[in-house]
Amino acid sequence: MTSPTSDALLGPAEIRELAAALGVRPTKQRGQNFVIDANTVRRIVRTAAVRPDDVVVEVGPGLGSLTLGLLETADRVVAVEIDDVLASALPATIAARMPKRADRFALVHSDAMQVRELPGPPPTALVANLPYNVAVPVLLHMLDTFPTIERTLVMVQAEVADRLAAPPGSKVYGVPSVKANWYADVKRAGSIGRNVFWPAPNVDSGLVALTRRTEPIRTTATKSEVFAAVDAAFAQRRKTLRAALAGWAGSAPAAEAALVAAGVSPQARGESLTVEEFVRIAENRGRATGGDTKGARQYPDANAGDNGAENEESTQP
């Protein structure tokens, strides 16, 4: 593989020139705060441990800052972009700045939440600067839809990064923490300053690394059933699980029976439980009452869950 020169990466002047030529005015609605620092791009690629044989999927490539950095190292990059103008311009940017690698790039012009398949070989890694207002739903959707993704590194709002990587017992541990841990081991992987974006956002950013579980969690419950228990537990997080899961189980006594059968204290709260404990609770729903869950509230399966923060500002490469 030929190594492209560092001149291929985009800097502040190139970003502004591209945006001006396309008539792009960064908007908060689409989270268009573009990465303008090549060193930050290299840091993200390095932290993601992108390998020469990786097939990387990137969500929200924007003007292509991170895309070019990924193409320097990965075997292939597939970028998913929803914006019409940005999607139409990106292939030309790749061809102009990295012509020897242009055939290793593919574009999917779509909402990431609607993507069910990608062109070429299955992706092995997800590396993305995710729009913060949809970061958690997109992350969970991609992990669920593409089980071949082994490693993930996402840049998100610092508060969301904290929630995704939070351990049980933490004040910010919640729905995103549990659902992400269903798929992977999750950890904070660094912080990103505001001055590497144009325009500079009003929030700090953080990197989150996820390594997919080598073996899926073994359970007789479905993912939907487990996630429904998680959603119910955190919908009323100040209540004990006996009370919080009453609607999910059909009654408070039924919830208590499921909790006791799962080896979890009915007086515990959701933020103290591991994903494995939620799995056991889901497995025991209705068992202690002979399988009768009549009157139980139905919680739709939603990878989205709790998106981790309210009124979040977005950034994009």
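The structure contained in this document is the topic of the report that follows. Please read all numbers here as calculations on a predicted model, not as lab measurements. (Residues numbered from 1 in each chain as written. Predicted model: local features only at pLDDT ≥ 70, side-chain atom pairs only at ≥ 80, totals over all residues. Heavy atoms only, no water.)

## Digging into unusual backbone geometry
Logical step 1: Cis geometry is found at the peptide bond from W198 to P199, where omega equals -15°.
Logical step 2: Mapping P199 onto the fold places it in the loop between strand 8 (197-198) and strand 9 (205-212).
Logical step 3: One non-glycine residue, A49, adopts positive backbone phi at about 55°.
Logical step 4: Inspection of the secondary structure assignment puts A49 in the loop between helix 2 (38-47) and strand 2 (55-59). (Helix = DSSP H or I, 4+ residues; strand = E, 2+ residues; numbered from the N terminus.)

## Thoughts on the sheet that holds strand 5 (residues 125-129)
Logical step 1: The strand order 4-3-2-5-6-9-7 describes an open sheet built from 7 strands, whose pairing is mixed. Two strands in the sheet have a free side with no partner beyond their single neighbour: strand 4 (105-109) and strand 7 (184-192). Sheet twist, expressed as the mean angle between neighbouring strand axes with direction ignored, is 20°.
Logical step 2: Two strands pair when backbone bridges link them, and strand 3 (residues 76-81) and strand 4 are joined in this way by 5 bridges, in the parallel orientation. Paired with V80 across the strands is V108, a residue of strand 4.
Logical step 3: Against the sheet, helix 2 makes contact with strand 5, strand 6 (151-157), strand 7 and strand 9, and its axis sits at roughly 160° relative to strand 7, the strand it touches most. (Pairing = 2+ DSSP bridges. Axes fitted to C-alpha atoms, helices over the stretch in contact; angles between N-to-C directions. Contact = heavy atoms within 4.5 Å.)

## Examining the environment of V175
Logical step 1: The topology assignment puts V175 in helix 7 (residues 175-183).
Logical step 2: For the pair formed by V175 and A232, sequence separation is 57 residues and the distance between their alpha carbons is 9.7 Å.

So far we have only geometry, and geometry alone does not tell us how the molecule works.
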